[in-house]
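Residue-level listing of the chains:
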Amino acid sequence: MNEKTRIIFSWSSGKDSAYALHQLLNDPSCEVVSLITSITSGYDRISMHGIRTKLLEEQSKQIGLPLYKIPIPKNCSNEDYKKAMEKAMKHFLKLGIKTVAFGDIFLKDVKEYRIKQLAKVGMNAIFPLWGINTRKLSCDFIKSGFKSIISCVDTRKVDRSFSGRLYNNGFLNNLPNDCDPCGENGEFHSFVFDGPIFKAPIHIKTGDQTLKYKHFFFTEILPKNEQSFK
């Protein structure tokens, strides 16, 4: 019997991550040993997506995989990010894990960057969703039973009214024609709260909506039984 490839998964909390992880968990040649996520220190949120760490930890619990959090500073520079990631990768390399999986779909520069950076520490990257048509991918994600909500939109590409909406067929049908259905060009980000990789759904509600960094319109995602985070 061939030995399984042990993998750490770069987890964003969003739909592409969830569907890529779903593919790996159903691949008998793979063993996903941990999720890894960068967290902005001081804000206690996932970098880029703005999701609170508390909800990230709940995802990890319902998926049934450990979570390795990578702290990065506020106003993180490229060098700061590289150092934080290199430190994390060396930690897993010492454990004999040499493969990192990502949910990227078609951005070649991002893929090449990840491969190059990992090669520096003797690790490699895999991309379970690479090259799949994003229209097909978005439909398959929904058909598979995943449920997600839009946590942030880039208002230069999508109207702010899309923030806080469920990612479903209605959402896809209302998107502008020049918007990628998976948001691969950064049009929007999402938070997955249910699906075939979850033991139980995460019960959520939406909170305040805020425009940040001039163009990004965020919707706060909260546990359904809480008023706010402290």
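Scoring rules and cut-offs
Counting restarts for each chain, with residues numbered from 1 along the sequence as it is written. This being a predicted model, a pLDDT of at least 70 is required before a residue's local features are given, and a value of 80 or more before pairs of side-chain atoms are given or counted; all residues contribute to the totals for chains, interfaces and linings. Water and hydrogen atoms play no part in the side-chain values, which are based on all heavy atoms of the structure. Pairing of aromatic rings covers Phe, Tyr and Trp, the last counted by its six-membered ring, and requires centre-to-centre distances within 6.5 Å; plane angles under 30 degrees mean stacked, over 60 mean edge-to-face, and any other angle means tilted. Summary of the burial criterion: residues with accessible area below 20% of their type's maximum are buried, those above 50% are exposed, and those between are partly exposed, where the area comes from a 1.4 Å probe applied to protein chains only. Think of it this way: any DSSP run of H or I at least four residues long counts as a helix, any run of E at least two long counts as a strand, and we number them from the N terminus. Strand pairing is defined by DSSP finding a minimum of two bridges between the two strands. For this analysis, a polar contact is any N or O atom pair within 3.5 Å, provided that within protein one partner can donate a hydrogen and the other can accept it, and provided that sequence-adjacent residues contribute only side-chain to side-chain pairs. For this analysis, residues touch if any pair of their heavy atoms sits within 4.5 Å. Buried and open spaces are told apart on a 1 Å grid over the protein atoms alone, a cavity being a set of points where a 1.4 Å probe fits but cannot get out and a pocket being an open set with protein on both sides within 12 Å along at least five of seven lines. Residues with an atom within 4 Å of a point are the lining residues. Grid points are joined across faces, edges and corners, and a volume is the space filled by probe spheres set on the points. Polar here means any residue outside two lists: the nonpolar Ala, Val, Leu, Ile, Met, Phe, Trp, Tyr, Cys and Pro, and the charged Asp, Glu, Lys and Arg; Gly therefore counts as polar. Counted as salt bridges are all cases of a side-chain nitrogen of Lys or Arg within 4 Å of a carboxyl oxygen of Asp or Glu.

A. How the structure looks around the packing of aromatic side chains. Here the structure, examined in full by the defined rule, presents 13 aromatic pairs. Seen in terms of ring centroids, phenylalanine 9 and tryptophan 11 are 6.3 Å apart; in terms of plane orientation they differ by 55 degrees. Their pairing is tilted. For phenylalanine 9, a relative accessible area of 0% corresponds to the buried category. A centroid spacing of 4.9 Å and a plane angle of 70 degrees characterise the contact between tyrosine 68 and phenylalanine 92, whose relative ring orientation is edge-to-face. Taken as a pair, tyrosine 68 in strand 4 (residues 67-72) and phenylalanine 92 in helix 3 (residues 78-94) lie far apart in primary sequence, 24 residues in all.

B. Expanded view of unusual backbone geometry. At tyrosine 213, a residue that is not glycine, the phi angle is positive and equals roughly 55 degrees. Of note, tyrosine 213 is situated in the loop between strand 9 (204-212) and strand 10 (216-223). Overall, tyrosine 213 belongs to the exposed group, its relative accessible area being 61%. Its identity as a non-glycine residue notwithstanding, lysine 214 has a phi of 75 degrees, on the positive side. Mapping lysine 214 onto the fold places it in the loop between strand 9 and strand 10.

C. Highlighting the pairing of strand 8 (residues 188-194). In terms of residue burial, strand 8 counts as a mostly covered element, since seven of its seven residues are buried. Of the strand pairs in this sheet, strand 7 (residues 147-154) and strand 8 are connected by six bridges, and their pairing is antiparallel. If you follow serine 148 over to strand 8, its bridge partner there is valine 192.

D. Looking closely at the side chain of threonine 37. Examined against the element boundaries, threonine 37 turns out to sit in strand 2 (residues 30-40). A distance of 2.8 Å separates the side chain of threonine 37 from the backbone oxygen of tryptophan 11, its partner in a polar contact. With residues near it in sequence (within four places) discarded, threonine 37 still touches Trp11, Ile46, Leu56, Leu67, Tyr68, Lys69 and Ile70.

E. Summary view of empty space enclosed by the protein. Scanning the entire structure with this criterion turns up one cavity of 30 Å³ or more. Its volume calculated, the largest cavity comes out at about 30 Å³. In terms of lining, the largest cavity is formed by Lys15, Asp16, Tyr19, Leu137, Ser138, Phe141 and Cys182. Mapped onto the lining of the largest cavity, the elements with two or more residues apiece are helix 1 (15-25) and helix 5 (134-143). Grouping the amino acids of the lining of the largest cavity by side-chain chemistry returns four nonpolar, one polar and two charged.

F. Inspection of the pattern of salt bridges at higher detail. Evaluation of the coordinates by the stated rule reveals eight salt bridges. A salt bridge links lysine 15 to aspartate 16, with the shortest nitrogen-to-oxygen separation between them at 2.9 Å. Neither residue differs from the other here; lysine 15 and aspartate 16 are each classed as buried. Residue glutamate 220 pairs with arginine 45 through a salt bridge whose shortest N-O separation is 2.9 Å. Taken together, the residues span a long stretch of sequence, with glutamate 220 in strand 10 and arginine 45 in strand 3 (residues 45-46) at a distance of 175 residues. On the basis of relative accessible area, glutamate 220 is assigned to the buried category, the value being 19%.

G. Representation of the environment of phenylalanine 92. Judged by relative accessible area, which is 4%, phenylalanine 92 ranks as buried. Measuring from C-alpha to C-alpha, the distance between phenylalanine 92 and phenylalanine 141 comes to 30 Å, with 49 residues separating the pair along the chain. Those residues in contact with phenylalanine 92, other than ones at most four positions away along the chain, are Ile8, Ser34, Ile36, Tyr68 and Ile97.

That is the geometry; function is a separate question.
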